[in-house]
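# Geometric and topological summary
Take a look at the letters that make up each chain.
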Amino acid sequence: MTPTQAPPPSTVQPARRIAYDVLAAVSNDDAYANLLLPTLIARAALNSADAGLATELTYGTLRLRGYYDRVIAIAAGRDISQIDAGILDVLRLGAHQLLATRVAPHAAVNESVALARRVGSRSAVGFTNGVLRTISRSTPDEWRERVLAAAKNPDDRLAADFAHPAWILRAFRQALALEGRADELEQLLAADNEAPRVNLIALPGLAEVPEGAESNRHSPFGFTLSGGDPDAAIRHENGRLRVQDEGSQLAALALSRVRPTTAGERWLDLCAGPGGKTALLGAEAALSGATVTANELVPARAQLVRRAVAPVPGDITVTELDGTQVGELQPEAWDRILVDAPCTGLGALRRRPEARWRKTAKDVADLTVLQQSLFLSAFDALKPGGVMAYVTCSPHLAETRGVVTDALRRLGPAAELLDTARVVQSIAVESLDLPAVDSPDGGTTVQLWPHRHGTDAMFIALIAKSPSTGGTR
Ligand SMILES: C[S@@+](CC[C@H](N)C(=O)[O-])C[C@H]1O[C@@H](n2cnc3c(N)ncnc32)[C@H](O)[C@@H]1O
């Protein structure tokens, strides 16, 4: 045990304490950082500088957790599985401050030691002190060299360097390779490690993009605010302005604008919670004389949908059915259906910092079964001549083209994959760089990317049901 030179403070600064509490809740209780952090910041009434510090420490540590674990293992001379979980989170937070922030090294070490005193044993305090002092004695570049030198193979090296699990980077590489763009992998991994700017939408027909805002490159209704508080802008407009990724906007608009709407059309959002895309579909429907119903299996999330659509005109009904049953319960009932399927969320790693460490390849297998079932159920619920959008915020090929190809094979001539890329390009303000991908089924799909388009990695496929089909499988 190496004694500290100055005695560590007996209390921990609130921003660090909150960051630690979030890390611990993520590790122990599967908490979501983006939900818990704002609650803890509000409860502690942090000023905006401290709130900013707590956010940076939490998100930065969670995003690069896998990298910091490698540094800690080298500095501690033991596998991280042999370190107490609470102390490991203290060390991760300390490593982040030492290697990626301007926090003075003595403050990073001393505050971490004070935190270790609150959450660990006496020996853990000395251990924390020793490990963090070891880390502080080398520069970030020296640590990077050491970590990369310890990698087992080229993919492990890339996984270490960009703090992504190897199975995820392989899935990304496969999806990019299909577009002939495997060489973009490092740009994509780097983009996942950048905090995105908060993106908003002015719901069409209900609000205008505010003056001074920076309009999105592609979505006609999206924008970012260079200064000011997005929450205040949203409150001021009573929800007619809202936070929404540009890719999500394009996905909902692909369905609402795939073809002109006939007044009286009935649209269904099959997996609607928390309701961001329902609100946009609702605004679009109100402009064109269609009506929207939202469905969400989880009652608490259905409640969020009701809240999300409150500012939108037109009576949007919210049901709580299992979407996989809707085809049977409501056959041939809908003109358009959005299937924004539950997915791994690998396309939104920028915004969900812990997600990459929580998901496993097994999740993909489970989810594709559900996605397939939702797809087929939605198809049965479409009227002959109707059109559906299958959407995921994941670029994993099993969740995207795999599900679509499989469904089209089962459905035969009753289903037609439309030219989704043409529809999305017709909506986009500035043309999107969308490499053509050969499709055995005709038609096209769209894969958006953070590094190329500045959006989440949304996948969009538009599928039409033949007007002459009996409608059943
Ligand atoms: C990707 S999210 C939808 C996001 C939403 N469209 C938005 O833009 O705000 C998928 C949703 O599907 C819901 N879900 C999961 N299984 C479902 C099922 N069997 N039927 C209907 N909804 C389901 C999840 O609870 C989740 O809220």
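Analysis parameters
- Residues numbered from 1 in each chain as written.
- Predicted model: local features only at pLDDT ≥ 70, side-chain atom pairs only at ≥ 80, totals over all residues.
- Pairing = 2+ DSSP bridges.
- Helix = DSSP H or I, 4+ residues; strand = E, 2+ residues; numbered from the N terminus.
- Axes fitted to C-alpha atoms, helices over the stretch in contact; angles between N-to-C directions.
- Parallel < 35°, antiparallel > 145°, perpendicular 65-115°, else oblique.
- Left-handed = near helix turned anticlockwise from the far one by under 90°.
- Contact = placed C-beta atoms within 7 Å.
- Nonpolar A, V, L, I, M, F, W, Y, C, P; charged D, E, K, R; others polar.
- Near = placed C-beta within 6 Å.

### Brief notes about the sheet that holds strand 4 (residues 241-243)
The 4 strands lie next to each other as 2-3-1-4, forming an open sheet whose pairing is antiparallel. In the strand order of this sheet, the two ends are held by strand 2 (214-215) and strand 4, each with one partner.

### Notes on the packing of helix 10 (residues 166-178) against helix 11 (residues 185-192)
For the pair helix 10 and helix 11, interaxial distance at closest approach is 10 Å and the crossing angle is 130°. Classed by the angle they form, the pair helix 10 and helix 11 counts as oblique. Where helix 10 crosses over helix 11, the handedness of that crossing is right-handed. Where helix 10 abuts helix 11, its residues Leu169, Phe172, Arg173 and Leu176 lie against Leu185, Leu188 and Leu189. Looking at the contact of helix 10 with helix 11 residue by residue, the class counts come to 6 nonpolar, no polar and 1 charged.

### Considering the site of the ligand
By nearness alone, 18 residues border the ligand, and Cys271, Gly273, Gly276, Gly323 and Asp340 come closest of all. When the residues that make up the shell around the ligand are grouped by side-chain class, the tally is 6 nonpolar, 7 polar and 5 charged.

### Here we look at the environment of serine 466
Relative to the helices and strands, serine 466 resides in the segment after strand 12 (459-465). It is 25 Å that separates the C-alpha atoms of serine 466 and alanine 436, two residues lying 30 residues apart in sequence. Apart from residues no more than four positions distant in its own chain, serine 466 is found in contact with Pro384, Pro413, Ala414 and Glu416.

Treat this as a map of the structure, not an account of what it does.
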